[in-house]
Amino acid sequence: MVKLAVYWTGACGGCDVSFLELGPALLDVLAKVEVVFWPALVDAKVEDLEALPRNGIDLTLVNGTVRTEHNVEMVRTLRDRSRLLVSFGACAHMGGVPGLANLISREALLAEVYGAGFRPRPPAGGAPEDAPTALLPAAVPLSAVVAVDYTVPGCPPPPALIGDLFDAALSGDLPPRGHVFAHEKALCEECPRTREERVISRFVRPHEVLPDPERCLLDQGIVCVGPVTRGGCEAACPRAGMPCTGCLGPTPNAGDPGLAMLSALASLVRTGEEGEAAFATEDELLDALADPLGTLYRYSLPAYWPGAAVGRPGAPPRRDGSQP
Amino acid sequence: MDEPGPSDPRIVAFLCRWCAGSGADLAGTSRMQYPPNAIPIRVNCSGRVEPEWVVEALKAGADGVFIGGCHPGDCHYVSGNYKARRRIHLLRRVLAELGIEPQRVALEWVSATEAARFTRLMTDFVAQVRALGPGPYARPPAGAEPELATAGPSATATATASSGAARPAERAAERAADRRAPW
Amino acid sequence: MKTLTIDPITRLEGHGKILLHLDDQGVLAGAVLQVPELRGFEAFCLGRRAEEMPQITERICGVCPEAHHLASVRALDAAFGAVVPEAARLQRALFYNTHIFSDHLLHLVFLGGPDLFLPEDTPRAGRNVLGVLQAFPELGREVVGVRARAQKVIEMIGGRAIHPVFALPGGVARPLAADELEVIRGHTQAMVGLAESLVAVFHERILSQARFQALLCAPEAILPTHYMGLVDAACAPSFHEGDVRVVAPDGREVFRLDAAAALDRIAEHSEPWTYAKFPYLKEPGWTGFAAGPQSGVYRVGPLARLNVADGMATPRAQAEFERFRDWFGARPVHATFAYHWARLVEAVQAAEAADELARDDGLTGADVRGKLGAPGEGVGVVEAARGTLFHHYRLDEQALVAGVNLIVATTHNTAGIGLSVQHMAAAVVHEGADEVLLNRVEMAFRAYDPCLACATHFLPGQMPLEVEVRGPDGALVRRASRAAPPALSVPAHPVKEVPS
């Protein structure tokens, strides 16, 4: 029996629910595992977790953005007790949608909501450790805090990729450490739409046009980040008539997906003949790209723009606020 | 060449081998004086410069990035410089929204014979970057208290992109405060 | 002073910790519900493209993304002054009823199910969905299979099963094909079949138990509050369109309004000792943490929706609704554990409604986008499984988000949840409390099917709720009673004001 733990940090719950998308296959998986810790589903408490020995858990899947001190403590405890630790989902992988909060400093957020000089405190009658956990200065991906063995990307991960992980883990036939359970090639490879010579003469927002169902969305001026995103989801969004927003993360060749896509878009934008005479129109066209950060870094801002970071990766701040 | 002092800006310069790089070489052999702050990197074309390299330079501690390419119409590969121009245009927007002054990244056209032009452009750029203060991921000078290059750009960017609103000293202090995690 | 901690609260959506403080006599001196999550959606949505909001805000919750997806697009429809064409309206309706069925199923079996289906003394290791599936293997298989089919319907219309992508201001992304609709019809039929099985199992194995009946009647779980829910023209519960209706504890209608007007009747109260805001009705206003007709505290969710409705929208649901009403005798029903039964009644309506909608050939209509006006301001409201959900947006002239306010289901219920936990704790917790009793406190909380991921979307995010039992002079009182407590009200805790 494989001892399994599933944990969430700053999460929406979608990754936990995603296991249910395996459907009846889930029952087969559950028959082969012993769930030792999974707050969404079973009643094991923190003291049960802490009582486990090192490597007492065979496989731990962690989803969610690491956003609070408590998140850091829990994932370090889990890392210590686990033989294998997996970044599960876009938040753990790259910071996820809540990573967009890094555009606002923590101090500015707290000051705006509670006033200057705000400090979390325990409720009356409570001990100091009952104070609400403090926010980290910025949201970070899981790998910024603990060593990660594998990644299953996606928001949430598609069932096929979850299945791949469990096939490998339950059979013991694991790929090299660091493997990302998704395709190496870009989404475009599995997208059914046809691609022609690409020129973007105008950026079009999804609600402005009913797109041709056969043609590549980028060809139609709709910003789709499929070219820099891993496949593995069967191009679900383009099939549904909507552009890819990049949840599976960048292909190995893309590097920083936001900058890679930025470069691609700049190359594709054309108003006819290139040349000095076209510069002004080109700039107008480029400036019409709405919300570049939210579009290019929807799930990945903390991974590629670590702002007001916690400190040396793997070393969260001490309780007294000093840096290690 | 001496290591730039702690208050001098550190510049990374991507120079295309056909035009701007040759112009820079000519300035050198002509003994034209310009500030030595730039670390030159030769590329085949300004169109080869990936936005990711510019950002990597900033994350490595550069205060400014200079890209030199051929004049419009003169690109050895026909249209590489046009791509570069559009890329840098978009990159500057992204930097601004992240609270990094877009003026830290320059894209200039310099031909192989324009040694004087290169000299002037580089002198002006160094002054401009110096006035902006340390870059978003600037490291302290060697010998100072070791700090990790983990301080992000001042995260006071709002949706309305108030780029460069706070003065450099204040922003550096903000970053230091962020690192101290005051709770 | 001894502290018992339930950490984490399990089988709910999100993070939670309950701290119970006992005095030297072992009597409850204080109970705190603390939710240590914070993500900050209302801050980082500023500057985003309006049409992306359905996909961004749904990341607030992976259990009810469909609710946020639809509430968001309804706010955008209003902000753009769009009229949604019939084919798009039908797609959204079919999608959403299917979601409600699936979400209720999730709670009935996976989250709250262990509390309902398993004996109370089940040890912690077995008190979970796996225990339920073991005890009821055939039902378990049907549940897993039909839920997969419901999720398939959501995926076919929404594009993805979790975090759908299809809603756009004024309509939906694309038309539905006839062959897709054929497949969907097979699935919705299966949903109705399971709904019938669940009703049978509920009556045979759950309602028949004295233990469950005792829970339904437990005095510490009776909370006479106002109720809020969406209703259609016939005053039946409607999940995704209609008017917001509020009734008083005696059942009298307080108002029935559209989304924007309803939002205007709600204010948010804050206390210096807690980070959460507590929505309340401006009429009758905030009088403290109390139930009753004079208090503006109201509840949302399945029980509330049944309380504001005159009947159900579909036949099998109506039949079950009548059994529900007959069992309690009175209306509205104030018993908190009745949420579970109400959830079942709604699941039946959602399945039937989805099946009925699936038969409408208008679903394959090609016109799926209404004309859009200039971007402005709009409010959208839907009923998430857990209760009323408001999205309110202000857009700038480039259709970027300039202002956003979200009031989510569980937030409406924060005062109610706090009162329920408080009453339950006072009644059952004592020194040396064992597993069963601690679980009872959690059960009170879990009956609401709280979505703490939703409730913590906003910047404060944390919901410590402090309860102290004080005497008339304000000093801490020792309370030993296990009988039904009088309506406990919580005086404001004497701490410094948080500077604003």
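Residues numbered from 1 in each chain as written. Chains lettered and ligands numbered in written order. Predicted model: local features only at pLDDT ≥ 70, side-chain atom pairs only at ≥ 80, totals over all residues.

**Overview of the overall build of chain C**
In terms of helices and strands, chain C carries 17 helices and 15 strands. At a minimum sequence separation of 6, the contacts of chain C that also span at least 24 residues come to 73%. (Helix = DSSP H or I, 4+ residues; strand = E, 2+ residues; numbered from the N terminus. Contact = placed C-beta atoms within 7 Å.)

**Observations regarding the overall build of chain B**
From N to C terminus, chain B includes five helices and four strands. Scanning chain B from its N terminus toward the C terminus, one meets helices and strands in the order β-α-β-α-β-α-β-α-α. A burial count over chain B gives 50% of its 183 residues as buried. Residue pairs at least 24 apart in sequence account for 79% of intrachain contacts in chain B once pairs closer than 6 positions are excluded. (Buried ≥ 20, exposed ≤ 12 C-beta atoms within 10 Å, placed from the backbone.)

**So, helix H4 (residues 69-81) of chain A**
With 13 residues, H4 of chain A should reach 18 Å at 1.5 Å per residue; the first-to-last C-alpha distance of 19 Å fits that figure. Tucked into the core, H4 of chain A has its buried residues touching strand E1 (2-8), helix H3 (46-50), strand E3 (57-63), strand E4 (66-68), strand E5 (82-88) and strand E6 (135-140) of chain A. (Expected span 1.5 Å × (residues − 1).)

**A closer look at the pairing of strand E12 (residues 377-384) of chain C**
Residues and elements named next belong to chain C. For E12, the tally of buried residues reaches seven of eight residues, placing the bulk of the element in the interior. Sheet topology note: the E12/strand E13 (residues 387-395) ladder contains eight bridges and is antiparallel. Counted as the bridge partner of glutamate 377 is arginine 394 from E13. From the end of E12 to the start of E13, which pair antiparallel, there are two residues. (Pairing = 2+ DSSP bridges.)

**Overview of the nonpolar core**
Ranked by size, the top nonpolar core spans 296 residues in total, and within it Val345, Ala347 and Val381 of chain C carry the most contacts. When residues in this core are grouped by element, the largest group, 15 residues, is from helix H4 (residues 86-111) of chain C. Each of domain 1 (2-171) and domain 2 (187-290) of chain A contributes no fewer than three residues to this core. If near-sequence neighbours (up to four positions away) are discounted, alanine 347 of chain C is found in contact with Phe101, His104, Leu105, Leu108, Ala195 and Leu198 of chain C. (Core = buried A, V, L, I, M, F, W, Y, C linked by C-beta atoms within 7 Å. Domains from an automatic or database assignment.)

**Structural notes on the packing of H4 of chain C against helix H13 (residues 338-358) of chain C**
Residues and elements named next belong to chain C. Where H4 meets H13, the axes come as close as 8 Å, and the angle between the chain directions of the two elements is 150°. With respect to H13, the axis of H4 lies roughly antiparallel. Crossing of H4 over H13 shows left-handed handedness. Residues Leu90, Ala93, Leu94, Asn97, Thr98, Ile100, Phe101, His104, Leu105, His107 and Leu108 of H4 touch H13, and the partners they reach there are Arg343, Leu344, Glu346, Ala347, Ala350, Ala351, Ala353, Ala354, Leu357 and Ala358. When grouped by side-chain class, the residues that make up the contact of H4 with H13 number 15 nonpolar, four polar and two charged. (Axes fitted to C-alpha atoms, helices over the stretch in contact; angles between N-to-C directions. Parallel < 35°, antiparallel > 145°, perpendicular 65-115°, else oblique. Left-handed = near helix turned anticlockwise from the far one by under 90°. Nonpolar A, V, L, I, M, F, W, Y, C, P; charged D, E, K, R; others polar.)

**What to know about the environment of tyrosine 7 of chain A**
Residues and elements named next belong to chain A. Note that tyrosine 7 resides in strand E1. For the pair tyrosine 7 and cysteine 216, spaced 209 residues apart in sequence, the C-alpha separation works out to 38 Å. Excluding its chain neighbours within four sequence positions, the residues that come into contact with tyrosine 7 are Phe37, Thr60, Val62, Met74 and Leu78.

**Remarks on helix H4 (residues 115-132) of chain B**
Residue and element names in this part refer to chain B. With 18 residues, H4 ought to run about 26 Å at 1.5 Å a step, and its terminal C-alpha atoms sit 26 Å apart, in line with that. Restricting attention to buried positions, one finds in H4 the residues Ala115, Phe118, Thr119, Leu121, Met122, Phe125, Val126 and Val129. Lining the buried residues of H4 we find strand E1 (11-16), helix H1 (20-29), strand E2 (38-43), strand E3 (64-69) and strand E4 (105-109). Glycine 133 sits one or two residues past H4 and shows a positive phi near 90°.

**A word on the packing of H4 of chain C against helix H7 (residues 137-158) of chain C**
Residues and elements named next belong to chain C. At a closest axis distance of 9 Å, the pairing of H4 and H7 adopts a crossing angle of 150°. Classified by the interaxial angle, the pair formed by H4 and H7 is roughly antiparallel. Classified by chirality, the crossing of H7 by H4 is left-handed. In this structure, H4 uses Gln91, Leu94, Phe95, Thr98, His99, Phe101, Ser102, Leu105 and Val109 to contact H7, whose residues at the interface are Val143, Arg147, Ala150, Gln151, Val153, Ile154, Ile157 and Gly158. For the contact of H4 with H7, a count of residues per class yields 10 nonpolar, six polar and one charged.

**A few points about the sheet that holds strand E11 (residues 298-299) of chain C**
All names here are of chain C. One open sheet accounts for four strands, arranged E8-E7-E6-E11; its pairing is mixed. Of all strands in the sheet, those bounded by a partner on one side alone are strand E8 (253-257) and E11. Pairing geometry for strand E7 (residues 243-247) and E8, over four bridges, is antiparallel. Bridge pairing links valine 244 to leucine 257 in E8.

**Digging into unusual backbone geometry**
The amide bond that connects cysteine 155 of chain A to the next residue, proline 156 of chain A, takes the cis arrangement and shows omega of -5°. The amide bond that connects glutamate 283 of chain C to the next residue, proline 284 of chain C, takes the cis arrangement and shows omega of 10°. A positive phi is found at glutamate 234 of chain A, a non-glycine position, where the angle reads about 60°. Looking at the element boundaries, glutamate 234 of chain A is found in the loop between helix H7 (159-171) and helix H8 (236-239). Even without a glycine there, the phi angle at cysteine 235 of chain C is positive, about 65°. For cysteine 235 of chain C, the position within the fold is in the loop between strand E6 (226-231) and E7.

**Comments concerning the sheet that holds E4 of chain B**
Residue and element names in this part refer to chain B. Here four strands make up an open sheet; going across it, the order is E2-E1-E3-E4 and the pairing parallel. Unpaired on one side and paired on the other, E2 and E4 mark the two borders of the sheet. Taken over all neighbouring pairs, the strand axes of this sheet differ in orientation by 20° on average, direction set aside. The pairing of E1 with E2 spans six bridges and is parallel. Across the sheet, residue cysteine 16 finds its bridge partner in E2, namely valine 43. Across the sheet, H1 is in contact with E1, E2 and E3; its angle to E1 comes to roughly 115°.

**Observations regarding the confidence of the model for chain C**
Should pLDDT be low for a region, the predicted coordinates there are not to be read in detail. Put simply, chain C has an average pLDDT of 82, and 78% of its residues get 70 or more. Within the model, the stretch residues 457-500 of chain C combines pLDDT values under 50 with 110 contacts to residues more than four positions away or in other chains. (pLDDT = per-residue confidence, 0-100.)

**A short note on the environment of tyrosine 137 of chain B**
As for its placement among the helices and strands, tyrosine 137 of chain B is situated in the loop between H4 and helix H5 (168-179). Sequence separation between tyrosine 137 of chain B and aspartate 63 of chain B is 74 residues; the distance between their C-alpha atoms is 8.0 Å.

**Describing the confidence of the model for chain B**
All names here are of chain B. Summarising the model, chain B shows a mean pLDDT of 79, and 72% of its residues fall at 70 or more. In the predicted structure, residues 144-170 sits below a pLDDT of 50 and forms 58 contacts with residues beyond four places in sequence or in another chain. Confidence over residues 172-183 falls short of pLDDT 50; this stretch has 20 contacts with residues more than four positions distant or in other chains.

**Observations regarding the environment of glycine 376 of chain C**
Residues and elements named next belong to chain C. Mapped onto the fold, glycine 376 is located in the loop between H13 and E12. Along the sequence, glycine 376 and glycine 81 sit 295 residues apart, while their C-alpha atoms lie 8.1 Å from each other. Beyond its immediate sequence surroundings of up to four residues, glycine 376 is in contact with Ala79 and Leu395.

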